[in-house]
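Read off the chains here:
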2 protein chains.
Amino acid sequence: MRYEKGHKDTTRQHIIDVAARRFRQDGVAAAGLAGIMTDAGLTNGAFYTHFKSKDDLVCETLMNSLDTIRERILAAGQGDGAIREYLSVKHRDRPDTGCPTPALVAEIARLPKKTRTAYTERVNGLIDLIASRFRNGSDEERRRRAMALYGLMIGTVQLARAVNDKKLSDQILEGGLELALAVADRSSSIPMPPPED
Amino acid sequence: MRYEKGHKDTTRQHIIDVAARRFRQDGVAAAGLAGIMTDAGLTNGAFYTHFKSKDDLVCETLMNSLDTIRERILAAGQGDGAIREYLSVKHRDRPDTGCPTPALVAEIARLPKKTRTAYTERVNGLIDLIASRFRNGSDEERRRRAMALYGLMIGTVQLARAVNDKKLSDQILEGGLELALAVADRSSSIPMPPPED
DNA sequence: TGTACATCAGTGAACGCGCGTTCACTGATGTAC
DNA sequence: TGTACATCAGTGAACGCGCGTTCACTGATGTAC
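Quantities reported herein were computed from a predicted structural model and do not represent experimental measurements.

**Points about the confidence of the model for chain A**
Low-confidence regions, as indicated by low pLDDT, have predicted coordinates that should not be scrutinised in detail.
Okay, step 1: Looking at chain A, the pLDDT average stands at 93 and 93% of residues meet or exceed 70.
Okay, step 2: Considering only residues more than four positions removed or in separate chains, one finds that residues 190–197 of chain A, a stretch of pLDDT under 50, has 22 contacts.

Take a look at the structure:
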């Protein structure tokens, strides 16, 4: 073959990497295949050698990004490092390399069933991972806290990104971080109104 | 004139109402003007009698929706009614009539400066309104808590909408609601790690 | 009272453009004999 | 060793389509005289 072994896989992964950046930066609907392929250093037509459709690419790309986020949370270890990273100025200012959820969650809700199912599975995994970091409470209670924490983090990042005022944006990150750390703090008891376990 | 007085204003508001629903349902990028005008019972061309451009409509529409949300929070009164409404199954299942932030916040971050500035102003107002409902803490601390609460609520609603599993979606709403109520509870002291009040 | 003209919200066809997708083709390499 | 053919990642022009936007026109009413 005129390309070394594994070349096609490399190219495919390269397209996914480029697309992952563009989708998070511009949104799935606004990011065109032509632009992605040009960025990847290829022409239009080569796209369909690697993917069945744009929806197919979106799905692959999402899974890839979510796996990266999972790895980063794992790499951050047991402390509050992952939370501080998630609610950092850096993450706010680089949606293209960050968690796909704040950038794309509203669009994901409108995507085909297959993609939503795959997304749901990964998010469920993330929730489990976050829950496993909590020390207090039953499994169920910790999972509920993990959902609230993830919701808080994605909403905070989005709000900080949408707002046009640097000072306000920084304050939003700080406010979200304060609460997130309180939720995550294993030694403190977060007051949860229906105290069930 | 061949139309009664105020007819044009009525039509304009009707287009805004229809557009507000479509934008929240399908996203700004995916909702076309032709569809909106057809829904409004008019033809393509009439659009530019009322608005300068799609961006102009988006801005007007956003402001209109945010004003409605503010009124609903005011109408819900001092208790936790507004929070329960925001994190309800009803709000999750009807993005088209709900708060525009969960539906559009990622797109808002990519909109023209004028729109983002107007959005920022309204969100700032919402934060002040939420903060004014808290009893404990300094103005600044209450505003930070209000930002965290709004971030939590929008993130929770989005996650509940994106996920493809009804049971998980309900649990996400419950988890978010628990934490939101804890944050809002005026009598409890939410542990905020740097306790500056 | 009757006629000519101005007004203007709305019509509907058309504009150029970029979208996702298709497809005949290229050309460097590997394989067969 | 040399020639004929197969492979296949990538090329680049073209497809129909819906987008946001423009514009000459309509027609019901109000105004002028």
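Once you've had a look at it, read on.
**As for the packing of aromatic side chains**
Residue and element names in this part refer to chain A.
Okay, step 1: The tally for this structure, following the rule as stated, stands at six aromatic pairs over all chains.
Okay, step 2: With a centroid separation of 6.3 Å and an interplanar angle of 75°, the aromatic rings of Tyr86 and Tyr150 are classed as edge-to-face. Here Tyr86 is found in helix α5 (residues 81–86), whereas its partner Tyr150 is found in helix α9 (residues 139–162), with 64 residues between them in sequence. Here the two residues Tyr86 and Tyr150 agree in accessibility, since each one is buried.
Okay, step 3: Here the basic side chain of Arg145 rests over the ring of Phe134, its NZ or CZ set 4.5 Å away from the ring centre.

**Section: the relation of the copies chain B and chain A**
Okay, step 1: With an RMSD of 0.0 Å, the fit of chain B onto chain A corresponds to turning through 180° and sliding 0.0 Å along the axis. As the rotation angle and translation indicate, the two copies are arranged about a two-fold axis.

**Brief notes about the interface of chain B and chain A**
Okay, step 1: Contacts between the two partners involve 57 residues from chain B, matched on the other side by 56 residues from chain A.
Okay, step 2: Here chain B and chain A share an interface that buries about 4300 Å² over both sides, 67% of which is from carbon and sulfur atoms.
Okay, step 3: Our count for the contact surface shared by chain B and chain A stands at two salt bridges.
Okay, step 4: The closest approach of N and O atoms between Glu178 of chain B and Arg144 of chain A, which form a salt bridge, is 3.1 Å.
Okay, step 5: Linking chain B to chain A there are 19 residue pairs in polar contact (both at pLDDT 80 or more).
Okay, step 6: Ranked by the residues each element gives to the side of chain B that touches chain A, the list is headed by helix α9 (residues 139–162) of chain B, at 14 residues.
Okay, step 7: Within the side of chain B that touches chain A, the residues separate by chemical class into 30 nonpolar, 16 polar and 11 charged.

About the thresholds
- Residues numbered from 1 in each chain as written.
- Chains lettered and ligands numbered in written order.
- Predicted model: local features only at pLDDT ≥ 70, side-chain atom pairs only at ≥ 80, totals over all residues.
- Heavy atoms only, no water.
- pLDDT = per-residue confidence, 0-100.
- Contact = heavy atoms within 4.5 Å.
- Phe/Tyr/Trp six-rings, centres within 6.5 Å; stacked < 30°, edge-to-face > 60°.
- Helix = DSSP H or I, 4+ residues; strand = E, 2+ residues; numbered from the N terminus.
- Buried < 20%, exposed > 50% of the residue type's maximum accessible area, 1.4 Å probe, protein only.
- Lys NZ or Arg CZ within 6 Å of the ring centre and 35° of its normal.
- Least-squares fit on C-alpha atoms with pLDDT ≥ 70 in both.
- Buried area = accessible area lost by both parts, 1.4 Å probe.
- Salt bridge = Lys/Arg side-chain N within 4 Å of Asp/Glu carboxyl O.
- Polar contact = N/O pair within 3.5 Å; in protein donor to acceptor, adjacent residues only side chain to side chain.
- Nonpolar A, V, L, I, M, F, W, Y, C, P; charged D, E, K, R; others polar.

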